[in-house]
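What follows is each chain in one-letter form.
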Amino acid sequence: GGGLSSGVAIDPSAYNWSGFHVGASAGFGGFDASGEFTNTSTTFFTPTYGDSLSEAGAQGAVHVGYSQLVGDWLLGIEADIGLVDWGASIVDFGGAETKFDPNFVASVRGRAGYVMGNTMVYGTAGVAYLDSDVSTNVTTTNETFQYDAFGGVFGAGLETFLSSKLSLRSEALY
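Residues numbered from 1 in each chain as written. Predicted model: local features only at pLDDT ≥ 70, side-chain atom pairs only at ≥ 80, totals over all residues. Heavy atoms only, no water.

1. Overview of the overall build of the protein
At step 1: Regarding its fold elements, the protein presents 0 helices and 10 strands.
At step 2: Counting helices and strands in the order they occur from the N terminus, the protein gives β-β-β-β-β-β-β-β-β-β.
At step 3: Within the protein, the proportion of its 174 residues that are buried is 30%.
At step 4: Of the contacts made within the protein by residues no fewer than 6 positions apart, 59% connect residues no fewer than 24 positions apart.
At step 5: Surface summary for the protein: the accessible area is close to 10,500 Å², and the carbon and sulfur share equals 59%. (Helix = DSSP H or I, 4+ residues; strand = E, 2+ residues; numbered from the N terminus. Buried < 20%, exposed > 50% of the residue type's maximum accessible area, 1.4 Å probe, protein only. Contact = heavy atoms within 4.5 Å. Areas by Shrake-Rupley, 256 points an atom, 1.4 Å probe, with all protein chains shown as cover.)

This is the structure in structure tokens:
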């Protein structure tokens, strides 16, 4: 009798999921901003008739984290900071233009996943920060404001070790 065999055995001990890790990422992201943006002296964007600012583009980031494997489950924490190439503008009925130009994003997130040999499916959640500049000509002079935002972030991903020291992941965050 015979059987089929792939000839490739996965040795779970070859992949060390526990410990510190660093990495880099490249991808695609964006934002959708609605509501009223106000600094201490001027309201510089008030959407009318459903107006909002939204845009998408390239982004790149670096991350660092620590994870611990407990049985088949991985628990960890990760921080990242990344540059973004997003930007948007909107012109209201009076001709005033508001430009929204994000500079960078950062997050600190917990991560929990189920490990199957060299592959893990995981969920992640935490807090995110956005640093951006907003400029407008809504008054008689052009004005630029620093606009910072904090909020929640959550998502899911799939990570696979390609070798004992190199992994590849795909992740979606909201």
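Next comes the rest of the write-up.
2. Focus: the nonpolar core
At step 1: The biggest cluster of nonpolar side chains holds 7 residues, and these are Tyr-15, Trp-17, Leu-74, Val-115, Met-120, Tyr-122 and Phe-161.
At step 2: Each residue touching Tyr-122, except ones within four places of it in the same chain, is listed here: Arg-111, Ala-112, Gly-113, Gly-155, Ala-156, Gly-157, Leu-158, Glu-159, Arg-169, Ser-170 and Glu-171.
At step 3: Val-84, Trp-86, Phe-100 and Val-134 belong to the second largest nonpolar core, which has 5 residues in total. (Core = buried A, V, L, I, M, F, W, Y, C linked by side-chain atoms within 4.5 Å.)

3. Side note on the packing of aromatic side chains
At step 1: Counted by the stated rule, this structure contains 7 aromatic pairs.
At step 2: A centroid spacing of 4.9 Å and a plane angle of 45 degrees characterise the contact between Tyr-129 and Phe-150, whose relative ring orientation is tilted. A residue pair is termed long-range when its members are at least 10 positions apart, and Tyr-129 in strand E8 (residues 119-136) and Phe-150 in strand E9 (residues 143-161) qualify at 21 residues.
At step 3: For Phe-150, a relative accessible area of 68% gives the class exposed.
At step 4: Grouping aromatic residues by their ring pairs yields a cluster made of Tyr-15, Trp-17 and Phe-161. (Phe/Tyr/Trp six-rings, centres within 6.5 Å; stacked < 30°, edge-to-face > 60°.)

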